[in-house]
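The chain contents come next:
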Amino acid sequence: MPDVKSYPEALQRLITYFGHLPGIGGRTAERLALSLISWQESELVAFGTQLTNLRRDVGFCPICGYLTNGSEPCRFCSSSERDGSIICVVEQVTQVHTIENSGCFKGLYHVLGGKISPMKGRGPRDLRIAELRERLDGGAVKEILIALSPDVEGEATAHYLAQEFAGAGVALSRIAAGVPVGSDLSFADAATMASAISGRRRFGE
Ligand SMILES: [Zn+2]
């Protein structure tokens, strides 16, 4: 962090908060905070209101775990235009954007909230796997497409899901190679993701 002690304390605190954001270094945090000084009062109030209400206004879909308004079902789960026979399982909400940008998936999503990681003390029960199983009740779901990053934790999680849902009466598939091994799917480009989804294969093939 640059030395910001000559600034008023309120500004120092603001710089500290900006510095907590991912990818924001000390200099950038300082620049962002300073830029707010020139904002109109009304803009600052509006910005502050967004932050104050963030927890209330943005929640997680009770069905799939994606971001939504408050606590209502998200725009995918409440849409009649999505294909309810296929659910794409991802780690985090950011990967939903990656897949949507590819434009080649029209089904529903399920956000696990992470991957199985003994190193981080995260087991299957810490992920939204029970919620996924509940979604199979009713028989509308015919296929689960596993779209996890091709790293060690992603592989372990994919194999766990394959075992867990082996007798559940749904086809299990996973996105094709093409996403580089060890990469984070959140940063895959749209074309790579499109070919990975269109080339998906049955689990175990
Ligand atoms: Zn949803």
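These lines cover the structure that appears in this document, whether it is placed above or below. (Residues numbered from 1 in each chain as written. Predicted model: local features only at pLDDT ≥ 70, side-chain atom pairs only at ≥ 80, totals over all residues. Heavy atoms only, no water.)

### So, the overall build of the chain
Summing up its helical and strand segments, the chain has eight helices and seven strands in all. For the chain, with 205 residues in total, the buried portion stands at 40%. With an accessible surface of roughly 11900 Å², the chain has 54% of that area assigned to carbon and sulfur atoms. (Helix = DSSP H or I, 4+ residues; strand = E, 2+ residues; numbered from the N terminus. Buried < 20%, exposed > 50% of the residue type's maximum accessible area, 1.4 Å probe, protein only. Areas by Shrake-Rupley, 256 points an atom, 1.4 Å probe, with all protein chains shown as cover.)

### Considering the packing of helix 5 (residues 93–102) against helix 8 (residues 190–198)
Helix 8 packs onto helix 5 with a crossing angle of 85° between their chain directions and a minimal axis gap of 8 Å. It follows that helix 5 is roughly perpendicular to helix 8 by the angle criterion. Seen from helix 5, the contacting residues are T98, I99, N101 and S102; seen from helix 8, they are A190, M193, A194 and I197. Classifying every residue of the contact of helix 5 with helix 8 by side-chain character gives five nonpolar, three polar and no charged. (Axes fitted to C-alpha atoms, helices over the stretch in contact; angles between N-to-C directions. Parallel < 35°, antiparallel > 145°, perpendicular 65-115°, else oblique. Contact = heavy atoms within 4.5 Å. Nonpolar A, V, L, I, M, F, W, Y, C, P; charged D, E, K, R; others polar.)

### Quick word on the coordination of the zinc ion
At this site the zinc ion is bound by C61 (SG), C64 (SG), C74 (SG) and C77 (SG), with donor distances of 2.2 to 2.3 Å. Coordination at the zinc ion is tetrahedral: its four donor atoms span angles of 102 to 116° at the metal. Each donor residue of the zinc ion belongs to the same chain, with the gaps between them written as C-x2-C-x9-C-x2-C. Remark: C77 occurs in the loop between strand 2 (67–69) and strand 3 (83–90) and C61 occurs in the loop between strand 1 (58–60) and strand 2; sequence separation between them is 16 residues. The class for C61 is buried, based on a relative accessible area of 2%. (Donors = N, O, S within 2.8 Å, 3.2 Å for Na, K, Ca; no water. Tetrahedral: all angles 85-135°; square planar, octahedral: opposite > 155°, others 65-115°.)

### Here we look at the packing of helix 1 (residues 9–19) against helix 2 (residues 26–36)
At a minimum axis separation of 8 Å, helix 1 and helix 2 run at an interaxial angle of 130°. With respect to helix 2, the axis of helix 1 lies oblique. You can see that helix 1 and helix 2 cross each other, and the crossing is right-handed. Residue-level inspection shows L11, L14, I15, F18 and G19 of helix 1 in contact with helix 2, the latter providing A29, E30, L32, A33, L34 and L36. Its residues placed into classes, the contact of helix 1 with helix 2 shows nine nonpolar, one polar and one charged. (Left-handed = near helix turned anticlockwise from the far one by under 90°.)

### A few points about the pairing of strand 3
Relative to strand 4 (residues 107–111), strand 3 is paired through five bridges, and the arrangement is parallel. The residue bridging I87 from the neighbouring strand is L108, located in strand 4. Handedness of the β-α-β unit built from strand 3, helix 5 and strand 4 comes out right-handed. (Pairing = 2+ DSSP bridges. Right-handed = clockwise from strand over helix to strand, strands pointing away.)

### Notes on the packing of aromatic side chains
Scanning all chains against the criterion turns up four aromatic pairs. Each ring, one from W39 and one from F47, has its centre 5.5 Å from the other, and the planes form 40°; the classification is tilted. A relative accessible area of 32% means that F47 is categorised as partly exposed. A centroid spacing of 5.4 Å and a plane angle of 55° characterise the contact between Y66 and F76, whose relative ring orientation is tilted. Of this pair, Y66 sits in the loop between strand 1 and strand 2 while F76 sits in the loop between strand 2 and strand 3, and the two are 10 residues apart along the sequence. Across the pair, F76 and Y66 agree in class, each one buried. One aromatic cluster is present, built from ring pairs that chain together Y66, F76, F105 and Y109. (Phe/Tyr/Trp six-rings, centres within 6.5 Å; stacked < 30°, edge-to-face > 60°.)

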